[in-house]
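Architecture at a glance
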Amino acid sequence: MAQRGSTWLNVAQRGSFGLRPGPSVRAESLDAVNLSAVSGGDATLPCDTRSPQPPDALLLVVWYKDDVPIYSYDGRVKGPTAHWADASLGGRARWHASPHSALKIRDVVPTDRALYRCRVDFKVSPTKNHKLMLHVIELPEKPKIFDESDKEIVGVAGPYIEDTSLRLTCVVSGGKPMPRVRWWRGDKMVSKLDPIEDGSLLSTLELKIPKLKREYFEAVYTCAADNTALVPPLRVNVQIQLFLRPLLVEILSREQPLSVGNEAELACRAIGARPPAVITWWLDNKEMTVTDPQKDSEDRNETISFLRWTPRMEDDGHTLKCRATHSKLEHATLETSIKLDLHFMPIVTLQLGSKMNPNDIEEGDDVYFDCIVKANPPAYKVVWEHNVCIFRNVTCRRIE
C-alpha cells in the first residue's frame, strides 16, 4: 500500500512541475480526435505509448478527463499496483498495453462524455500527449406505432376497408443526439424525419396512405430510428390488414347439360375477397339449401361452393344464381347467373283437333288429331300408332 501511495504522489508531484494540464486543455479540444461510444457499451481510447527513440523505457501513462487525472499506469512498478483508477470510474476502466495501447471503459454512461488526454512519459524521450473527445451516444427507445385513435399498434394494423385512408404515427422517445426516423416498405424509404435538436424528447413521423388499394393488403411497413452507425437501427414492423371486396364470381362450366330428375353437382368460385367470400345459391329469388361447406384455397384468395341439386321439370327456363357476399362489407355483393336449359324425356299429349267437336263426328267425316310433344332436346321423330291392343300384358300394335 505504501508503494501504491507513492505512485499517486509521483503523479501529483509531476503535475506540480507543470506536467499536469492547465485550463488551456479544454480549449485544445478542437484538435482532439473524436470518438463515439454507445451508452451501456464499451469505449476504447487509444494512446500510442511507443517511444520515438527506441529502445526507451516507458515510465508513466496518465489519463485525464477534463483536466482531472482519472487513471495511471506506472511502468516502474510490477504487478497490479502499477494501475490506479479514480473511484469515479467504478472499476470500469483498464489500461491495456497490447495488442494496441488503449484505455478501455466498460458499461459507458452519459457522464463519460468528456475531453480525454493521455500523457506518456519516457525515460529518455520527450513526453507525448494524445487528446480524444469521447461522445457518448444515448440510444433512443424502441419505436412505437399508434393509429388514428392513438391506440398502440403491435404487429397488425386494421383491418381497414378497401379504398379508405390510413394514418399511422411512429413515436420515438429519447436519444442523444436526437434520432432520425424513417418509414420503410421493403427496401424503399417512403417517409423520413431528420433529427432536430429543439429540446424535445419525442420524435414523431406519420405514415399516410390516402387510398388503400389491393396492393396494400398484408403490406409490411417498418419504422426505424437511429442516431449512430455503431449499432443497427431500432425497428418495429406493422402489417396492414384490409377488408377486400370479391373481384370475380363465376359458375364453373359443365361438360354435360342438366337433366330433370338426375342429381347434379355445380360449382361456384369467388376470387379476391378478404376474408373469404360467403357464397349462396339462388333459384330466381329463392335461396337454395347447400349441404356441403364451401372450401377456401390455401392462400384464401379463392373460395368454391358446391351445390348438389336435382332439377325439376318446372325449373326449366328459370335462372340459377351464385352470389358472393362479404361478411364485413355492405354493398360488396357480386353474382353471376345461368338460364336453366334442362334436358328431359319427351312428354306426349294426344288430343282431338281444336276445331273439332267430339260430340258431332259421324261416319265418313274427316278427323284430325294434335300430337303435342314437349321435350328437351326437341324430339326428332314422331310416330303415330293405330289399333294398339293389350292382351295378357302383351302390347300389340299396327303402325300406319
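Residues numbered from 1 in each chain as written. Predicted model: local features only at pLDDT ≥ 70, side-chain atom pairs only at ≥ 80, totals over all residues. Heavy atoms only, no water.

Along the chain, the regular secondary structure elements total two helices and 30 strands. For the chain, with 400 residues in total, the buried portion stands at 36%. Intrachain contacts of the chain at a sequence separation of at least 6 include 62% that bridge at least 24 residues. In the structure as shown, the chain presents an accessible area of about 24200 Å², 52% of it carried by carbon and sulfur atoms. (Helix = DSSP H or I, 4+ residues; strand = E, 2+ residues; numbered from the N terminus. Buried < 20%, exposed > 50% of the residue type's maximum accessible area, 1.4 Å probe, protein only. Contact = heavy atoms within 4.5 Å. Areas by Shrake-Rupley, 256 points an atom, 1.4 Å probe, with all protein chains shown as cover.)

Judged by pairing direction, the sheet is antiparallel, and its four strands sit side by side in the order 22-21-25-26 without closing on themselves. Strands with a single pairing partner mark the edges of an open sheet, and in this sheet they are strand 22 (286-287) and strand 26 (334-339). (Pairing = 2+ DSSP bridges.)

Now for the packing of aromatic side chains. Tallied over the entire structure, the rule returns one aromatic pair. Between the aromatic rings of Tyr 73 and Trp 95, the centroid separation amounts to 4.6 Å while the plane-to-plane angle is 25°, which identifies the pairing as stacked. A residue pair is termed long-range when its members are at least 10 positions apart, and Tyr 73 in strand 4 (residues 68-74) and Trp 95 in strand 6 (residues 93-96) qualify at 22 residues. Taking the relative accessible area as the measure of exposure, Trp 95 reaches 6% and is therefore buried. We note Arg 323 situated over the ring of Trp 282; from NZ or CZ to the ring centre the distance is 4.3 Å. (Phe/Tyr/Trp six-rings, centres within 6.5 Å; stacked < 30°, edge-to-face > 60°. Lys NZ or Arg CZ within 6 Å of the ring centre and 35° of its normal.)

This part is about the state of the cysteines. Overall, the coordinates contain three disulfides when judged by the stated rule. A disulfide bridge connects Cys 268 with Cys 322, and the sulfur atoms are separated by 1.7 Å. The chirality of the disulfide connecting Cys 268 with Cys 322 is left-handed, given an S-S dihedral of about -85°. Here the residue Cys 268 occupies a position in strand 20 (residues 264-271), and Cys 322 occupies one in strand 25 (residues 319-325), the gap between them amounting to 54 residues. (Disulfide = S-S within 2.5 Å.)

There is a patch of nonpolar side chains on the surface, built from Val 348, Leu 350, Ile 361, Val 367, Phe 369, Val 373, Val 382 and Trp 384 and spanning about 700 Å² of accessible area. Among the structural elements, Val 348 can be located in strand 27 (residues 344-352). (Patch = residues over 30% accessible without salt bridge, like charges linked within 9 Å, V, L, I, M, F, W, Y side chains within 5 Å. Salt bridge = Lys/Arg side-chain N within 4 Å of Asp/Glu carboxyl O.)

All right, on to the environment of Ile 240 then. Within the secondary structure layout, Ile 240 lies in strand 18 (residues 234-243). We classify Ile 240 as buried; its relative accessible area is 0%. Remark: the alpha-carbon pair of Ile 240 and Gly 155, spanning 85 residues in sequence, is separated by 9.0 Å. Leaving out residues up to four positions away in the same chain, Ile 240 has contacts with Ala 157, Leu 166, Leu 168, Tyr 216, Phe 217, Glu 218, Ala 219 and Tyr 221.

With respect to topology, three strands assemble into an open sheet ordered 2-7-6, the strand pairing being antiparallel. Edge positions in the open sheet fall to strand 2 (43-46) and strand 6, since each of these has one partner strand only. Ignoring which end each strand starts from, the neighbouring axes of this sheet average 20° apart. (Axes fitted to C-alpha atoms, helices over the stretch in contact; angles between N-to-C directions.)

Summing up the model confidence of the chain, the mean pLDDT is 86 and the portion of residues at 70 or higher is 89%. Confidence drops under pLDDT 50 across residues 1-27; counting only partners more than four residues distant or on other chains, this segment forms 42 contacts. (pLDDT = per-residue confidence, 0-100.)

This part takes up the pattern of salt bridges. What the rule picks out here adds up to 23 salt bridges. With its nearest N and O atoms 3.7 Å apart, the salt bridge here joins Arg 245 to Asp 163. With a gap of 82 residues between them, Arg 245 in the loop between strand 18 and strand 19 (248-251) and Asp 163 in the loop between strand 12 (155-161) and strand 13 (166-173) connect regions that are remote in the sequence. Beyond isolated ion pairs, a larger network of salt bridges with shared partners links Glu 162, Asp 163, Lys 213, Arg 214 and Arg 245.

Attention now moves to unusual backbone geometry. Residue Pro 159 is bonded to the preceding Gly 158 through a cis peptide linkage, with omega at 5°. Within the element layout of this structure, Pro 159 appears in strand 12. Cis peptide bonds are those with omega within 30 degrees of zero, and the linkage from Arg 274 to Pro 275 qualifies with -5°. Examined against the element boundaries, Pro 275 turns out to sit in the loop between strand 20 and strand 21 (278-283). A positive phi angle, close to 60°, is found at Asp 150, a residue other than glycine.

Relative to the elements of secondary structure, Arg 182 occurs in strand 14 (residues 180-185). Judged by relative accessible area, which is 8%, Arg 182 ranks as buried. When residues no more than four places from it in sequence are discounted, the contact partners of Arg 182 are Met 189, Ser 191, Lys 192, Leu 193, Asp 194, Leu 205, Thr 222, Cys 223 and Ala 224.

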